[in-house]
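Here is what each chain is made of, one letter per residue.
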Amino acid sequence: MVPYETERELTTKDGDYVTHIRVRRTDSDQYPCGYDYALHYGTIDGDTLLRYDNVHEQHKGHERHTLDGTEEIEFPGMEALIRQFEREIEALPP
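(A) Examining the packing of aromatic side chains more closely. As enumerated under the stated definition, the model contains four aromatic pairs in all. Judged by centre distance (6.5 Å) and plane angle (70 degrees), the rings of Y4 and Y31 are edge-to-face. Here the residue Y4 occupies a position in strand β1 (residues 4–14), and Y31 occupies one in the loop between β2 (17–26) and β3 (35–43), the gap between them amounting to 27 residues. Judged by its relative accessible area of 7%, Y31 falls in the buried class. Relative to Y41, the ring of Y17 lies with its centre 5.9 Å away and its plane at 10 degrees, an arrangement referred to as stacked. Note that Y17 is positioned in strand β2 and Y41 in strand β3, a separation of 24 residues in sequence. Here the basic side chain of R24 rests over the ring of Y4, its NZ or CZ set 4.2 Å away from the ring centre.

Okay, here's the thing in structure tokens:
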């Protein structure tokens with residue numbers, strides 16, 4: 001098994017909404033960018049309002065999930081993506 005080094009893991013709740021950020025550095029061939037990450041914002045009932053992840057990076061690349069569907073995105077770097085995620089969730093409920 002390839003080791004992972006957790007760089008950031010945080011879950012916060014605000015009323016009916018939850019934000020979860022998980023960023024792990026890895027040298028796994030499955031994650032060519034060097035990170036295994038999920039940046040999630042949604043309801044406590046399980047609805048995803050916004051999520052960025054690279055679960056299938058080797059085959060599908062980096063993805064952005066919303067209520068409208070999933071799109072492949074260019075990976076701007078981990079810190080830039082976290083900043084983008086944080087800016088976007090400011091415009092969403094609550």
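From this point on, the discussion continues.
(B) Expanded view of unusual backbone geometry. The omega torsion of the bond from P93 to P94 falls at 25 degrees, within 30 degrees of zero and hence cis. Take P94: it is sitting in the segment after α2 (78–90).

Parameters at a glance
Residues numbered from 1 in each chain as written. Predicted model: local features only at pLDDT ≥ 70, side-chain atom pairs only at ≥ 80, totals over all residues. Heavy atoms only, no water. Phe/Tyr/Trp six-rings, centres within 6.5 Å; stacked < 30°, edge-to-face > 60°. Helix = DSSP H or I, 4+ residues; strand = E, 2+ residues; numbered from the N terminus. Buried < 20%, exposed > 50% of the residue type's maximum accessible area, 1.4 Å probe, protein only. Lys NZ or Arg CZ within 6 Å of the ring centre and 35° of its normal.

None of this, on its own, says anything about what the molecule does.
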